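One letter stands for each residue in the lines below.
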Amino acid sequence: MGGTEEKQPTGSGRPTSRDVARLAGVSHTAVSFVFNGRAEGNLSPATQERIRRAAAELGYRPDPVARGLRRRRTAVIGLVTDEIASSPFAGRLLRGAMETAWGSEHLVLTIDSGGDPAKEDAAVAELLDRRVDGIIYAAMSLRRVRVPEGLHRTHSVLANCLPEDDSLPAVIPAERAGGRTAARLLLDEGHRRVAMVGGQDDIASVDRLRGFRDALRAEGITVPKEWVVRSGGEITGGHEGALHILAGVPADRRPTGIFCYNDRVAAGVLHAATRLGIAVPGELSVVGYDDQEHMAEFLTPPLTTVALPHRAMGEAAARLVLDSIDTGRTPPATVRRLACPVISRASVGPAPSR
């Protein structure tokens, strides 16, 4: 019998564990031991290695459905979110969750509810009917959320949002620390007259401003009331807020640095500075927040910003769910805050000497 024939999988479909057993010269049970985690104590290391080499040669992967049935698992995690289609950050969170899940041989099944509570409840019910191993519920803007019905019936974690009833674990950005980081970007360049533009009364706005003020207070600096302009989160708000602070004010009496609620606001501030003939960063430094894809790095000048850790939130949420699945224990309903890293570009420079 030719060796070549021995190495071919049976039939025309994907290779099976019996094909691996035939190529490795072992029993089908031995192959099952290796891929079900029962090889130690039952098979020698040399036999295990021979089986793995045969599997690699044939391109064999264990059937996740069959294995899931044996383990009473489906190897699928559900992800319910409010606005995948419209958020510029959704892809990062999804990639983080999907790649982490894939590393543990799980797939992620995603449903966009459009922010409709009835659709969220229906989505969770559908995922539970499909017997997913766990669920991540993600929001694309940080806020307190109503926990969709059914999340407490499986291993569940929230990402970029907090439960109204504090009943589930959550992974969110460390927004207050991010505000301190933004302030330090200006302080470390010698800026002492600084302002903040944008935001409203949401959790992110409040925490970023608190952190910003924390860092300034530590240096003995107080931001004048008129230099904190809550103008929303869009480009027009940034433009109007900057004009309010900068227009008609002598250079020695206006701020030399502005921290913006997000990158869209920062874009508006940059437009206003151009309109007023104020050089950035020569006369005015500008710090954004979010590191919005396809935007921040293409502004003039490219924007220094504090990034939201969307990918890291997806990774951390998926890891919490996977660990909960593996241990069979529900993680405590604690809040994990992830650092917001700095993306340095060209919109921040030394404070002008006046």
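A short tour of the structure in this document, coming up. Quick caveat, the model's predicted, so the values are computed rather than measured.

Conventions we followed
Residues numbered from 1 in each chain as written. Predicted model: local features only at pLDDT ≥ 70, side-chain atom pairs only at ≥ 80, totals over all residues. Heavy atoms only, no water. Phe/Tyr/Trp six-rings, centres within 6.5 Å; stacked < 30°, edge-to-face > 60°. Helix = DSSP H or I, 4+ residues; strand = E, 2+ residues; numbered from the N terminus. Buried < 20%, exposed > 50% of the residue type's maximum accessible area, 1.4 Å probe, protein only. 1 Å grid on protein atoms, 1.4 Å probe; cavity = no way out; pocket = protein on both sides within 12 Å on 5 of 7 lines; lining within 4 Å. Points joined across faces, edges and corners; volume = space filled by probe spheres on them. Nonpolar A, V, L, I, M, F, W, Y, C, P; charged D, E, K, R; others polar. Pairing = 2+ DSSP bridges. Contact = heavy atoms within 4.5 Å. Axes fitted to C-alpha atoms, helices over the stretch in contact; angles between N-to-C directions.

Glancing now at the packing of aromatic side chains. Inspection of the entire model under this criterion finds three aromatic pairs. On the numbers, 5.3 Å between centres and 75 degrees between planes, the contact of F35 with Y60 is edge-to-face. Placement of the pair is F35 in helix α3 (residues 28-35) and Y60 in the loop between α4 (45-58) and α5 (64-71), with a sequence separation of 25 residues. Assessed through its relative accessible area of 17%, F35 is described here as buried. What makes Y60 buried here is its relative accessible area of 14%. Seen from their ring centres, F259 and Y289 are 6.1 Å apart, and the 50 degrees between their planes marks the pair as tilted. Linking F259 in strand β10 (residues 257-260) with Y289 in strand β11 (residues 285-290), this pair joins segments that are 30 residues apart in sequence.

Attention now goes to the layout of surface pockets. Remark: the empty space left among the atoms is shown by a probe the size of a water molecule rolled over them. By volume, the largest pocket amounts to about 400 Å³. In terms of lining, the largest pocket is formed by 23 residues, of which the most central are F89, M140, S141, Y261 and R264. Classifying every residue of the lining of the largest pocket by side-chain character gives eight nonpolar, seven polar and eight charged.

The strands making up a sheet associate through hydrogen bonds between their backbones, and the pairing can be parallel or antiparallel. In space, the six strands of this open sheet follow the order β9-β8-β10-β11-β12-β14, with mixed pairing throughout. A single partner strand is all that each edge strand has here, and the edge strands are β9 (228-229) and β14 (342-343). Relative to β10, strand β8 (residues 194-197) is paired through four bridges, and the arrangement is parallel. Bridge pairing in β10 places V194 opposite G257. Sitting on the sheet, helix α11 (residues 263-276) touches β8, β10, β11 and β12 (304-307), and the angle it makes with β11 is about 155 degrees.

Bringing the environment of A182 into the picture now. Mapped onto the secondary structure, A182 falls in helix α8 (residues 175-187). Among the residues examined, A182 registers a relative accessible area of 0% and is labelled buried. Distance from A182 to I172, taken between C-alpha atoms, is 18 Å for residues 10 residues apart in sequence. If we ignore the near neighbours within four places in the chain, the residues touching A182 are F259, V287 and V306.

This next bit is on the pairing of strand β1 (residues 76-81). Counting buried positions over the six residues of β1 gives five, a clear majority of the element. Direction of pairing for β1 relative to strand β2 (residues 107-112): parallel, over a ladder of six bridges. In the sheet register, L79 faces β2, and the bridge partner there is T110. As defined by bridge partners, β1 adjoins strand β3 (residues 134-138) across five bridges and the pair is classed as parallel. Residue pairing for β3: G78 is matched across the bridge by I135.

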